[in-house]
Amino acid sequence: MILEYHRIDRPEARWTRTPGNFRRDLERLWERGYRLVALGDFLDGTIALPRGTTPVILTFDDSSPGQFRLVQRDGDWVLDPDCAVAILEAFERQHPEFGHAATFYVLPGADPPNRLFDQPALATRKLQYLASHGYEIGNHTLWHANLARYPEAVVRAQIASAQDWIQQRVPGYRPRTLALPMGGVPREITWAVSGEVKGSTYRHDAILMVSGGPALSPGSSGFDPYRLPRIQATGTEMDHWLAHFDRHPGERYVSTGPADRAMR
Ligand SMILES: [Zn+2]
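## Examining the packing of helix α1 (residues 19-31) against helix α7 (residues 235-247)
Interaxial distance between α1 and α7 falls to 12 Å at its minimum, and their mutual angle equals 5°. It follows from the interaxial angle that α1 and α7 lie roughly parallel. For the pair α1 and α7, the contacting residues are D25, R28 and L29 in the first and M238, D239 and L242 in the second. Split into classes, the residues belonging to the contact of α1 with α7 amount to 3 nonpolar, no polar and 3 charged.

So this is what it looks like as structure tokens:
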């Protein structure tokens, strides 16, 4: 499962998971033997998990404030304990074997509150924190453009300029993946895979959709990295898919140990 979160905030809504429900999601995954894997490791086929456990990937779209918020305490900026990053790190302290990984599909040029977590003075610090603390930053276009609607030049400019903005804040950082806003597939998928705009080159190892169910193993024959499906992490979808894999354990990817190369 590649889980797709949007807002972490109150109250619970179609595109909002409350901090409490997000914690509960992690708890339910943990109890059922799921462990976090970085999207990049999954794409490389490196699923280094203990024998008998199942990989799960977390993604967060649209850089809304509740995903990563800092608050001031005694003159220092510290994580708001109810933001997604803090919840993940608190959970990891409790259960170190759960793992540490998540990909954030940020919007450098969106209107507030979705522009880089909505604390402009802290945007650089946050992106650098993500890049240096084991998270991944993904491309989600400059301002959430539906790429199905635009000609090639606009599609490429949206992608390249989003990467430029990320690199201005985290020099040399290469987003390895693109999540398509609203699932809008450009007329030619190759426009989104790689390209060059005014000297800026981009290349994506995978392109993520907004829905589609669980992803296949990267070692399986039908695996298509340019149409990676995701599961929207709403209450209903979480209930559905956790129950589904409880009932159909044979459909679940189960690691054979740390040297697993995802051959099934
Ligand atoms: Zn989005």
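## Brief notes about the pattern of salt bridges
For the coordinates displayed, the defined rule picks out 14 salt bridges. Residue D205 pairs with R174 through a salt bridge whose shortest N-O separation is 3.4 Å. You can see D205 sitting in the loop between β12 (200-203) and β13 (206-212) and its partner R174 sitting in the loop between α5 (152-169) and β10 (177-179), a full 31 residues away along the chain. Its relative accessible area of 19% is what places D205 among the buried residues. Shared partners join several salt bridges into a network, and the residues in it are D44, R174, R176, R203 and D205.

## What to know about the coordination of the zinc ion
Angles between donor atoms at a metal ideally measure 109.5 degrees for a four-coordinate tetrahedral arrangement and either 90 or 180 degrees for a six-coordinate octahedral one. D62 (OD), H140 (NE2) and H144 (NE2) make up the full set of protein donors to the zinc ion, lying at 2.1 Å. Sequence spacing of the donors to the zinc ion: D-x77-H-x3-H.

## Looking at the pairing of strand β5 (residues 54-61)
Within β5, 8 of the 8 residues are buried, which leaves the element mostly enclosed by the surrounding structure. Bridge count for strand β1 (residues 2-5) against β5 is 4 bridges, and the pairing is parallel. Residue pairing across strands places I2 opposite I57, the latter belonging to β5. Pairing geometry for strand β4 (residues 34-36) and β5, over 3 bridges, is parallel. Directly across from L36, in β5, lies its bridge partner V56. Pairing of β5 with strand β8 (residues 103-106), which is carried by 3 bridges, proceeds in the parallel orientation.

## Quick word on helix α4 (residues 123-132)
Considered for burial, the residues of α4 that qualify are A123, K126, L127 and L130. Buried residues of α4 fall within an arc of 95° about the axis and therefore sit on the same side. Where α4 is buried, its residues contact β6 (70-73), α3 (84-94), β8, β9 (136-139) and α5.

## As for the environment of T201
Examined against the element boundaries, T201 turns out to sit in strand β12. Sequence spacing of T201 and W30 is 171 residues, and the spatial spacing of their C-alpha atoms is 39 Å. Discounting residues that sit within four places of it in the chain, T201 has contacts with Q163, G195 and E196.

## Describing the side chain of H204
Mapped onto the elements of the fold, H204 is located in the loop between β12 and β13. A relative accessible area of 1% places H204 in the buried class. Non-local contacts of H204, meaning those with residues more than four positions away in its chain, are made with N139, I159, P175, R176, T177, L178, A192, V193 and Y226.

The rules behind the values
- Residues numbered from 1 in each chain as written.
- Predicted model: local features only at pLDDT ≥ 70, side-chain atom pairs only at ≥ 80, totals over all residues.
- Heavy atoms only, no water.
- Axes fitted to C-alpha atoms, helices over the stretch in contact; angles between N-to-C directions.
- Helix = DSSP H or I, 4+ residues; strand = E, 2+ residues; numbered from the N terminus.
- Parallel < 35°, antiparallel > 145°, perpendicular 65-115°, else oblique.
- Contact = heavy atoms within 4.5 Å.
- Nonpolar A, V, L, I, M, F, W, Y, C, P; charged D, E, K, R; others polar.
- Salt bridge = Lys/Arg side-chain N within 4 Å of Asp/Glu carboxyl O.
- Buried < 20%, exposed > 50% of the residue type's maximum accessible area, 1.4 Å probe, protein only.
- Donors = N, O, S within 2.8 Å, 3.2 Å for Na, K, Ca; no water.
- Pairing = 2+ DSSP bridges.
- Arc of directions from axis to C-beta.

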